[in-house]
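Summary of the model geometry
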Amino acid sequence: MTKAETPATETAVNPYPPVRIVNDSYAPSIPSTRINPGKAVTDGTIGVLFMAYGGPETLEEMPGYLADIRSGRPTYAEVLEEISGNYEAIGGKSPLPEFTRAQVEATMAKLDEVGDYRAYIGMRHWSPWIEDAVRDMLDDGIRRAVAIVLAPQYSKLSVEKYQKKIKAALEMFHGQIEFAFVNQYHTEPGYITAMADRVRMGLAEFPEDQRGDVHVVLSAHSLPVRVIREGDPYADQLMESARLIAAQAGLSEEQWSWCYQSEGRSPEPWLGPQLEDWLPQLHAERGIDKVVSIAIGFVSDHVEILFDIDIEAQKVAQELGMRLVRPPALNTDPLFIGTVASVVHNKAQEL
Ligand SMILES: C=CC1=C(C)c2cc3[nH]c(cc4nc(cc5[nH]c(cc1n2)c(C)c5CCC(=O)O)C(CCC(=O)O)=C4C)c(C)c3C=C
Ligand SMILES: [Fe+2]
Ligand SMILES: [Fe+2]
């Protein structure tokens, strides 16, 4: 059969699926770094750069997000699949960008009462990037600014990396902004009380006559042990926060304990015990079957809480017949927001 004789129906069928060089169904919307655009910038205006970890808005963004977290090292397909599965289980995207924006808007409502501030959001591992925020601050004519990470404890692997990104961005854009850096706020009374309120909220989920038997497990994101051995203050600051929170909540030494969570996938040892190992130990060695779990290093609900605690640790607890209650993260808790605002305002006085 010649080409001209080919029936129309046959030519209409392409035996090969189209080669997808780019994913044309995915058009990313770039969120703005500016929280109050249009607000005039004068010589007296202080910029505030709020920074957070960042999270993917869709599962298509996952390979790029992981590549950034892993500093460009390739991610094995099984790891990509597993982590995508974790996000799928919590709704297919990270809630962190939305919570961060809500926290920043609430903090700015407080800061507007006390000074001339203009706020920006910059993420470490995804857009809107810290670099985008610094560029926008320069474009807006900001000359002095406070930078704060939405994480109360300092580590070379967290807060310092965010700060280095600001410095690199200033170099990249040949710009000058005088930055005052908030390094930590892990003992701020408002943060401690807000976390202690979460402990009380968790305990209140149990009938009054059972509350004496409830054990409170405080936790935070793990880090490689090596980093702490090299002198990183992260673990000490966490313990300082944890002791203050437990005391503020009126817990006796036996009523609470400490562990880590969400350790990474590298062969070196990470700080432990991990929550999913600690729960069986508490159950077997101390007969504990009622637990309140609070991640004190995180200030908003995201995958490391919604999956690692609410799904993974919860499964371990249920298999042991334990009841695990996890109150919401601080998110836009007014006490916490007021604390962030006052930490920023105090830091601004150094400029
Ligand atoms: C104090 C340090 C860290 C905080 C806080 C933190 C928060 C955080 N992490 C994720 C998601 C992932 N983190 C991953 C790896 C990873 N995270 C940290 C440190 C903190 N993360 C380290 C040191 C590493 C290892 C990086 C490396 O080079 O391999 C990953 C990748 C997969 C894995 O290893 O588990 C994910 C995903 C979120 C959402 C989050 C919340 C604020
Ligand atoms: Fe991480
Ligand atoms: Fe993590």
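Keep in mind that what you see is a predicted model, and the values were worked out from it rather than measured.

Helix α9 (residues 234–248) packs onto helix α7 (residues 189–203) with a crossing angle of 55 degrees between their chain directions and a minimal axis gap of 8 Å. Classed by the angle they form, the pair α7 and α9 counts as oblique. For the crossing formed where α7 meets α9, the hand is right-handed. Together, Tyr191, Ile192, Thr193, Met195, Ala196, Val199 and Arg200 of α7 and Ser241, Leu244, Ile245 and Gln248 of α9 make up the contact between the two elements. Among the residues forming the contact of α7 with α9, the class breakdown is seven nonpolar, three polar and one charged.

Further remarks concern the UniProt feature "binding site: Fe(2+)" (unreviewed entry) in the protein chain. Within this numbering scheme, the UniProt entry marks His221 and Glu304 as carrying the feature "binding site: Fe(2+)" (unreviewed entry). What stands out for the annotated residues spanning 84 residues is how close their C-alpha atoms remain, the widest pair being 8.1 Å apart. For His221, the location among the structural elements is in strand β5 (residues 215–221). The contacts of His221, once residues within four sequence positions are left out, are Tyr234, Tyr260, Gln261, Ser262, Trp270, Phe298 and Glu304. Tracing the sequence through the fold places Glu304 in helix α11 (residues 303–306). Excluding residues within four positions of it along the chain, Glu304 makes contact with His221, Gln261, Ser262, Phe298 and Ile309.

With that settled, the discussion passes to the domain arrangement of the protein chain. Segmentation of the protein chain into domains returns domain 1 (24–185 + 333–348) and domain 2 (189–325). Each side of the interface is counted separately: domain 1 has 25 residues, and domain 2 has 26 residues. Contact with domain 2 buries area across many residues of domain 1, yet Ile90, Gln153 and Leu335 alone supply 24% of it, more than any other trio. There are two salt bridges connecting domain 1 and domain 2. A salt bridge links Arg265 to Glu82; its shortest N-O distance comes to 2.9 Å. Between the two partners, domain 1 and domain 2, sit 10 residue pairs in polar contact (both at pLDDT 80 or more). Elements represented by at least two residues in the side of domain 1 that touches domain 2 include exactly α3 (77–89), α4 (96–111) and α13 (334–348).

Turning our attention to the sheet that holds strand β2 (residues 117–123). One open sheet holds the four strands; their spatial order is β2-β1-β3-β4, and the pairing between them is parallel. Every other strand in the sheet has two partners, leaving β2 and β4 (178–181) as the edge strands with one partner each. Strand after strand, the sheet turns through a mean of 25 degrees between neighbouring axes, direction not considered. In the sheet, strand β3 (residues 144–149) pairs with β4 via four bridges, with the strands oriented parallel. If you follow Arg144 over to β4, its bridge partner there is Glu178. Helix-sheet contacts for helix α5 (residues 130–140) involve β1 (46–52), β2, β3 and β4, and the interaxial angle to β2 is about 155 degrees. α13 contacts β1, β2, β3 and β4 of the sheet and is inclined by roughly 145 degrees relative to β3.

All right, on to the pattern of salt bridges then. According to the stated counting rule, one finds 19 salt bridges in the structure shown. In this structure, the salt-bridge partner of Lys165 is Glu131, at a minimum N-O distance of 3.3 Å. You can see Lys165 sitting in helix α6 (residues 159–172) and its partner Glu131 sitting in helix α5, a full 34 residues away along the chain. Both residues of the pair, Lys165 and Glu131, belong to the buried class. With a closest N to O distance of 3.2 Å, Glu350 and Lys347 form a salt bridge.

Looking now at the coordination of the iron ion (ligand 3). Looking at the iron ion (ligand 3), the protein donor atoms are His221 (NE2) and Glu304 (OE), and they sit 2.2 to 2.3 Å from it. If you look at the iron ion (ligand 3) and the iron ion (ligand 2), they sit 3.1 Å from each other. Here His221 is found in strand β5, whereas its partner Glu304 is found in helix α11, with 83 residues between them in sequence.

Analysis parameters
Residues numbered from 1 in each chain as written. Chains lettered and ligands numbered in written order. Predicted model: local features only at pLDDT ≥ 70, side-chain atom pairs only at ≥ 80, totals over all residues. Heavy atoms only, no water. Axes fitted to C-alpha atoms, helices over the stretch in contact; angles between N-to-C directions. Helix = DSSP H or I, 4+ residues; strand = E, 2+ residues; numbered from the N terminus. Parallel < 35°, antiparallel > 145°, perpendicular 65-115°, else oblique. Left-handed = near helix turned anticlockwise from the far one by under 90°. Contact = heavy atoms within 4.5 Å. Nonpolar A, V, L, I, M, F, W, Y, C, P; charged D, E, K, R; others polar. UniProt positions renumbered as here; feature names shortened; annotations may be inferred. Domains from an automatic or database assignment. Buried area = accessible area lost by both parts, 1.4 Å probe. Salt bridge = Lys/Arg side-chain N within 4 Å of Asp/Glu carboxyl O. Polar contact = N/O pair within 3.5 Å; in protein donor to acceptor, adjacent residues only side chain to side chain. Pairing = 2+ DSSP bridges. Buried < 20%, exposed > 50% of the residue type's maximum accessible area, 1.4 Å probe, protein only. Donors = N, O, S within 2.8 Å, 3.2 Å for Na, K, Ca; no water.

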